[in-house]
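So the chains spell out like this:
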Amino acid sequence: MGEAPMFYVENLKDRVSNGFNLRFKGFETSIDVGDKTFVIGSNNNDSISSIEVQIYDKSRGKWVIPTVLGTEPKRYEGHSAILLNEDRIMVITWGSTPDDCIWFLEVDTEYVKQQKKALGTEVIAWSKGVRGDAEKPVVISGPSGVGKGTLINMLMKEFPTMFGFSVSHTTRAPRSIEKNGVHYHFTERSIMEKDIKDGKFLEFASVHGNLYGTSIEAVEAVADSGKRCILDIDVQGAKSVRASSLDAVFIFISPPSMAKLEERLHLRGTETEEQIQKRLRNAKAEIEQGKSLGIFDHILCNDHLEKCYDNLKGSIYLQNMQRRRSIIRSSLSLRLWDREIHQRTRSFSMYPCLKVELPVGPEV
Ligand SMILES: Nc1ncnc2c1ncn2[C@@H]1O[C@H](COP(=O)(O)OP(=O)(O)OP(=O)(O)O)[C@@H](O)[C@H]1O
Ligand SMILES: Nc1nc2c(ncn2[C@@H]2O[C@H](COP(=O)(O)O)[C@@H](O)[C@H]2O)c(=O)[nH]1
């Protein structure tokens, strides 16, 4: 075990050999976080520029290659890096389009700490900066039978090219109309438990006696298709996503009454009476938590379907400016107004702590 020489970081910048045989041949930056130095290097070869990260653990005097989660930036000419909040590094890539130039490398966030514990290795997690709230993923929660799926189907039908559904994994049996890979990835508990242990899930929870979870791959598949991701998950899952690296708009759908909720579950006819009663018992706790935990940005009552759908669209910026202004004037508007301003100043707001103002272009 040895100590890192004091001149190490500066020498890296100058690319002078200092005895640490780094593999990077392209462009490097290094940032100290606690007793670790994160060396971020673009690894250029003829066809592709990709980014790699190596960690120098000063307390142990060792280089570590971390497990990399998330999607990393690709195809760019170089980068700058800035430490934010002592737990994540903002990487600005050069030669990328404005929509593709802000990235975040989480090095010591809660999410990364959890993953380190689960995997037993050093972990880093990449995520892409998103411009404004209008492109944020949408997390929809609420008790079983409240109408989440119905509302999501309406959104997907009205805006087929805009939204993509994050297909969850579950250990419950498929319903007659459900298709594997479309409604859920139906899976064995042992396989899902192993994948959870291997860090493949953004969140998971035991819901009504079965395991449900959102894989990182499911969310990335939607992002890769260029669509805005919609997640239909329970309150425990929403709580986990709030604590994760995914910055989303959180919406809770509540029923007009327990009696109506029970009626809807009976009318849907997909569960046995015993299962319905279990879901109703869990619904009470979910509604209480949904309203009290402070996870949700919007709480919408699904009494009249069309009205609730309209409110849902308002919550995720799908209505015209005139409609938005009338929401702004309403009593619940302060937060929305705040977000509207951020959107109009074209800020990158992946994290609440961060605002990178870009020159405002012509309104579209
Ligand atoms: N506003 C509404 N008024 C009356 N019925 C409704 C309303 N919204 C949805 N429903 C009906 O309630 C039933 C349950 O809706 P849905 O399956 O969308 O619930 P869900 O929240 O997705 O449930 P789960 O969490 O179990 O998947 C469906 O039969 C649907 O047609
Ligand atoms: N935490 C998660 N909850 C999820 C996920 N996918 C669905 N769900 C929730 O489970 C219940 C029951 O769903 P059902 O299809 O069996 O009726 C419902 O509240 C869903 O929101 C997930 O990936 N993670």
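Remember, predicted model here, so these are calculated numbers, not experimental data.

Where burial is concerned, most of strand β8 (residues 102-106) is hidden: 5 out of the 5 residues are buried. Residues Ile102, Phe104 and Glu106 line one face of β8 and the alternating positions Trp103 and Leu105 line the opposite face, and both faces are buried. For strand β7 (residues 88-94) and β8, the ladder comprises 5 bridges, and the chain directions are antiparallel. Note that in β8 the partner of Ile89 across the bridge is Leu105. Across 4 bridges, the pairing between β8 and strand β9 (residues 123-128) is antiparallel. Its bridge partner lying in β9, Glu106 is registered against Ala125.

Here we take up the site of ligand 1. In the region of ligand 1, 14 residues are neighbours, and Ser144, Lys148, Gly149, Thr150 and Arg268 sit closest. Leu305 places a main-chain nitrogen or oxygen 3.4 Å from a nitrogen atom of ligand 1. In the complex, the protein chains occlude 73% of the 640 Å² of accessible area that ligand 1 would expose alone. Secondary structure elements with two or more residues in the shell around ligand 1: α3 (148-158) and α7 (258-268).

Reading across the sheet, the 5 strands line up as β5-β9-β8-β7-β6 and stay open at both edges, with mixed pairing between neighbours. Every other strand in the sheet has two partners, leaving β5 (67-69) and β6 (78-84) as the edge strands with one partner each. When the angles between neighbouring strand axes are averaged without regard to direction, this sheet yields 25°. Bridging between β6 and β7 involves 7 bridges; their strand directions are antiparallel.

Here we come to the site of ligand 2. Among the 18 residues in the neighbourhood of ligand 2, the closest are listed as Ser168, Arg172, Tyr184, Tyr212 and Asp232. Side-chain polar atom of Arg175 to an oxygen atom of ligand 2: 2.7 Å apart, as the coordinates give it. At 2.5 Å, a side-chain N or O of Tyr184 approaches an oxygen atom of ligand 2. Across the complex, the protein chains shield 96% of the 510 Å² of accessible surface that ligand 2 would expose by itself. Elements with a contribution of two residues or more to the shell around ligand 2: β14 (201-207) and β15 (210-215). Considered class by class, the residues forming the shell around ligand 2 number 5 nonpolar, 6 polar and 7 charged.

This part takes up helix α6 (residues 235-243). Considered for burial, the residues of α6 that qualify are Val235, Gly237, Ala238 and Val241. Around the axis of α6, the buried residues are gathered within 155° of arc, so they sit on the same side. Summarising the contacts, the buried residues of α6 are in contact with β10 (138-141), β14, β17 (249-254) and α8 (273-292).

Parameters at a glance
- Residues numbered from 1 in each chain as written.
- Chains lettered and ligands numbered in written order.
- Predicted model: local features only at pLDDT ≥ 70, side-chain atom pairs only at ≥ 80, totals over all residues.
- Heavy atoms only, no water.
- Buried < 20%, exposed > 50% of the residue type's maximum accessible area, 1.4 Å probe, protein only.
- Helix = DSSP H or I, 4+ residues; strand = E, 2+ residues; numbered from the N terminus.
- Pairing = 2+ DSSP bridges.
- Near = heavy atom within 4 Å.
- Polar contact = N/O pair within 3.5 Å; in protein donor to acceptor, adjacent residues only side chain to side chain.
- Areas by Shrake-Rupley, 256 points an atom, 1.4 Å probe, with all protein chains shown as cover.
- Axes fitted to C-alpha atoms, helices over the stretch in contact; angles between N-to-C directions.
- Nonpolar A, V, L, I, M, F, W, Y, C, P; charged D, E, K, R; others polar.
- Arc of directions from axis to C-beta.
- Contact = heavy atoms within 4.5 Å.

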